[in-house]
Each structure stands twice: as structure tokens, then as C-alpha cells.
Amino acid sequence: MGVEGGMKCIKYLVFFFNFIFWLCGIALIALGIFVQIELKNTLVMTGPPSASAAPIVILSVGVIVFFISFFGCCGAVKENYCMVTTFAVLLTLIFLVEIAAAITGYIFKDKVRSVINDEIQEEMNTYNNKSVIQKPLDDLQKKYSCCGVTNYTDWFNVTQFKPGHVPASCCRKAMACTQNPTPENTFDVGCVTKIEEWLKKHIVIVAAVALGIAFFELLGIIFACCLMKGIRSGYEVM
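Residues numbered from 1 in each chain as written. Predicted model: local features only at pLDDT ≥ 70, side-chain atom pairs only at ≥ 80, totals over all residues. Heavy atoms only, no water.

## What about the side chain of glutamine 141?
To keep it simple, the criterion reads: Strands are runs of DSSP state E lasting at least 2 residues, helices are runs of H or I lasting at least 4, and numbering of each runs from the N terminus. Pairing of N or O atoms within 3.5 Å defines a polar contact, subject to two protein rules: one partner must be a possible hydrogen donor and the other a possible acceptor, and residues neighboring in sequence count only if both atoms are side-chain atoms. Contact definition: two residues touch when any of their heavy atoms are within 4.5 Å.
As for its placement among the helices and strands, glutamine 141 is situated in helix α5 (residues 134-144). At 3.1 Å, the side chain of glutamine 141 and the side chain of tryptophan 155 are in polar contact. Discounting residues that sit within four places of it in the chain, glutamine 141 has contacts with Cys146, Cys147, Gly148, Trp155, Pro167, Ser169, Cys170, Phe187 and Cys191.

## Some points on the nonpolar core
So the rule is basically this: Put simply, buried Ala, Val, Leu, Ile, Met, Phe, Trp, Tyr and Cys residues joined by side-chain atoms within 4.5 Å make one nonpolar core. Burial status follows relative accessibility: with a 1.4 Å probe on protein chains alone, a residue under 20% of its type maximum counts as buried, one over 50% as exposed, and anything between as partly exposed.
Of all hydrophobic cores here, the largest spans 27 residues; its most connected members are Val14, Phe21, Val84, Phe87 and Leu227. Counting only elements with at least two residues in this core, the list comes to α1 (2-42), α2 (53-78), α3 (81-107) and α6 (191-232). One finds Tyr127, Cys170, Cys177 and Ile195 within the second-largest nonpolar core, a separate group that totals 24 residues.

## Observations regarding the packing of aromatic side chains
Test applied: Classification of ring pairs uses Phe, Tyr and Trp, with its six-membered ring standing for Trp, and accepts pairs whose centres are within 6.5 Å; under 30 degrees between planes counts as stacked, over 60 as edge-to-face, and the remaining range as tilted.
By the definition in use, this model includes two aromatic pairs. Here the aromatic rings of tyrosine 127 and tryptophan 155 are separated by 5.2 Å at their centres, their planes lie at 75°, and the arrangement is edge-to-face. One end of the pair, tyrosine 127, is in the loop between α4 (111-125) and α5; the other, tryptophan 155, is in the loop between α5 and α6, and 28 residues separate them in sequence. Ring plane angle 75° and centroid distance 6.0 Å describe the contact between tyrosine 152 and phenylalanine 156, whose orientation is recorded as edge-to-face. Judged by its relative accessible area of 12%, tyrosine 152 falls in the buried class. According to the relative accessible area criterion, phenylalanine 156 is partly exposed, its value standing at 29%.

Encoded structure:
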């Protein structure tokens, strides 16, 4: 009777943790969409799509977690050994993939600056009145109060501008610095630095969400294995 009660508790715990996973999946989907929209509004990806890979990965993991958790809930309610086993295996694979992704992200974290640097430089080189790049780049500089890659002098090397000129979006006050930019009337911090600051601020949120999900996944795997053992042993958990 004690074992029966314990297995019944495990059953409800598996269901509860799967419900948490389901909510986490929704949170990851929302986070991936948010980051994708933010990147799209920040950078017009003219080069390789490496910078946009992160939100796609987050969104994909969110969708996978969403469906796996729904599958696990059904397995727990129906006490189906095959469904619970499949859930445990898939959740373990997701857990290992997340660890691998975290290690990869840490190893290649310095490459992010290089990608952003190259992208903004490419946008500056194609900046003109007829280019689709102009408005997004102007919006970027206004939004982050930045100018150029490292500072406003980067615009002096752009062929679309006369030497010593910068676009109006670099000015602290509209049209006050285009022909005579100085640190006083121009945003003197580069956009790469500003975007890095934004990423560092929000990466804490992403890391906290990822750690929380990983913790619940580990507990879910343990409880699923216990439920599998109970079902296989033929205990009545209803």
C-alpha cells in the first residue's frame, strides 16, 4: 500500500512537472519571437545569418519542449509505459542538447562582437537614399544613441559621405552635426558597444530561464524513470 501511494505521488509529480515544462515551452517560444523581432529591427542581415541563429534555436527548443511536455502529460495520466519512456528519453536528449548549446555559446561568445561589427560596417557601406538599409540603420543609431561601428569617425571613411560628414541620425539634435560632427553634438559611442551592452543585460534573463528549465527537466527525468519502474512492475497507481 505504501508503494502504491508513493507511485501515485510520483504520477502526479510527473504530470505537474510536465505542466511546468509546457509553460516553459511557451516562455521559450515567446522569448525566441521577442529576440528575433528585436534583431530584425536592429540589424538588416546582409551577410551570413549567424547572428539570427540564436533566436531560431530558442524558438525551436521552445516548440520541442511544448510538444514533449504535452506528450509526457498524456503518458502520466494514461500510465502508459511506452509514452512515459519516450518522454524520458526525449527529455534527456533535450537536456544534453541544452548543455552542449551552453558550452558552444560560451566558447563562441567572442564571435558575436565580430558578427555585429561586420554587419554594421556592411550596412554603412551600402547606406544611401535609395537603399533599404538606410532607415533601419538610422533607427538603430537613434534607438541606441550610437554612431558608427566604434564611434562617429567611422562615417568619414564611407564613400557616400563627404569627408568629415555623418548622417543626421548620429546627431544629438536633428541636423545639428551632419557637416561638423564633434563629441558634443554627436553620439560618440559606437553601435557595437551599445548592442553588446543590450545583449549582456538580456543574456542574464535568458540564462536564468535556461537554468530554471534545466532544473525542472532533470527532476522530470528522475520522476519519469521512477514512474516507468512502477508501471513496469505492475503496481496500481490509480
